[in-house]
Amino acid sequence: MYAHVVSLGVTGLDGYPVTVETHISGGLPKFAMVGLPDSAVKESSERVRSAIKNLNCPWPASHVTVNLAPADVRKTGSLYDLPVFIGILAAQQYIPQPEPHQAFLGELGWMVHCAPLPVPCPWPLPPKRRA
């Protein structure tokens, strides 16, 4: 089972797209996050697990791998909680796969609420490709 969710990252003042790929496969239950996540991003597994259980949805009883691409750029902060949450639910087919033009970012609370983004939002949208 696989899901593909678009998110956003920032380096300095430049925004860039981040692809959150979730793969649920057979094997022993384990959660692995790859793609240079910092400690706050790695902690998202506990917030996401609690939010999913509080929705009365089962946590996958198998191996869950979340890839944050591009893999060569460090991901910081807790704003990847929401795309990981959506990816796990979509991979289990509890919700539809997000559309490619939709981007998700946000810190997730245990009771399935999103913390407000800082104002002003320092995460600019990536610049449009120039022709």
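Residues numbered from 1 in each chain as written. Predicted model: local features only at pLDDT ≥ 70, side-chain atom pairs only at ≥ 80, totals over all residues. Heavy atoms only, no water.

K.L.:
Give a detailed account of the overall build of the protein, specifying residues and quantitative values.
P.N.:
Per the secondary structure count, the protein includes 3 helices and 4 strands. Mapped in sequence order, the helices and strands of the protein form the string β-β-β-α-α-β-α. The 131 residues of the protein split such that 40% are buried. Sequence-distant contacts in the protein: of pairs separated by 6 or more residues, those separated by 24 or more amount to 76%. Total accessible area on the protein stands at roughly 7500 Å², and carbon and sulfur atoms take up 60% of it. (Helix = DSSP H or I, 4+ residues; strand = E, 2+ residues; numbered from the N terminus. Buried < 20%, exposed > 50% of the residue type's maximum accessible area, 1.4 Å probe, protein only. Contact = heavy atoms within 4.5 Å. Areas by Shrake-Rupley, 256 points an atom, 1.4 Å probe, with all protein chains shown as cover.)

K.L.:
If you had to explain the packing of aromatic side chains to someone new, which residues and values would you point to?
P.N.:
As enumerated under the stated definition, the model contains 1 aromatic pair in all. For the pair F31 and W59, a centre-to-centre distance of 6.0 Å together with 40° between the ring planes defines the contact as tilted. A residue pair is termed long-range when its members are at least 10 positions apart, and F31 in strand β3 (residues 30–34) and W59 in the loop between α2 (44–54) and β4 (63–69) qualify at 28 residues. The buried category is assigned to F31, whose relative accessible area is 18%. (Phe/Tyr/Trp six-rings, centres within 6.5 Å; stacked < 30°, edge-to-face > 60°.)

K.L.:
Tell me about the environment of V41, residues and numbers included.
P.N.:
Examined against the element boundaries, V41 turns out to sit in helix α1 (residues 39–42). Looking at V41, the relative accessible area reads 1%, which means it is buried. It is 9.9 Å that separates the C-alpha atoms of V41 and E107, two residues lying 66 residues apart in sequence. With residues near it in sequence (within four places) discarded, V41 still touches M33, L68, K75, T76, G77 and Y80.

K.L.:
Lay out α2 in plain terms, naming residues and giving numbers.
P.N.:
Residues spaced three or four apart along an α-helix face the same direction, because each turn holds 3.6 residues. Those residues of α2 not exposed but buried are S44, S45, R47, V48, A51 and I52. The arc that holds the buried residues of α2, viewed along the axis, is 165°, so those residues lie on one side. Buried residues in α2 make contact with β3, α1 and α3 (81–91). Phi turns positive one or two residues past the end of α2, at N56, with a value near 65°. (Arc of directions from axis to C-beta.)

K.L.:
So what about the pairing of strand β1 (residues 2–11)? Which residues, and what values?
P.N.:
Examined bridge by bridge, β1 and strand β2 (residues 14–25) share 10 bridges and lie antiparallel to one another. Among the inter-strand pairings, S7 is bridged to a residue of β2, identified as V18. (Pairing = 2+ DSSP bridges.)

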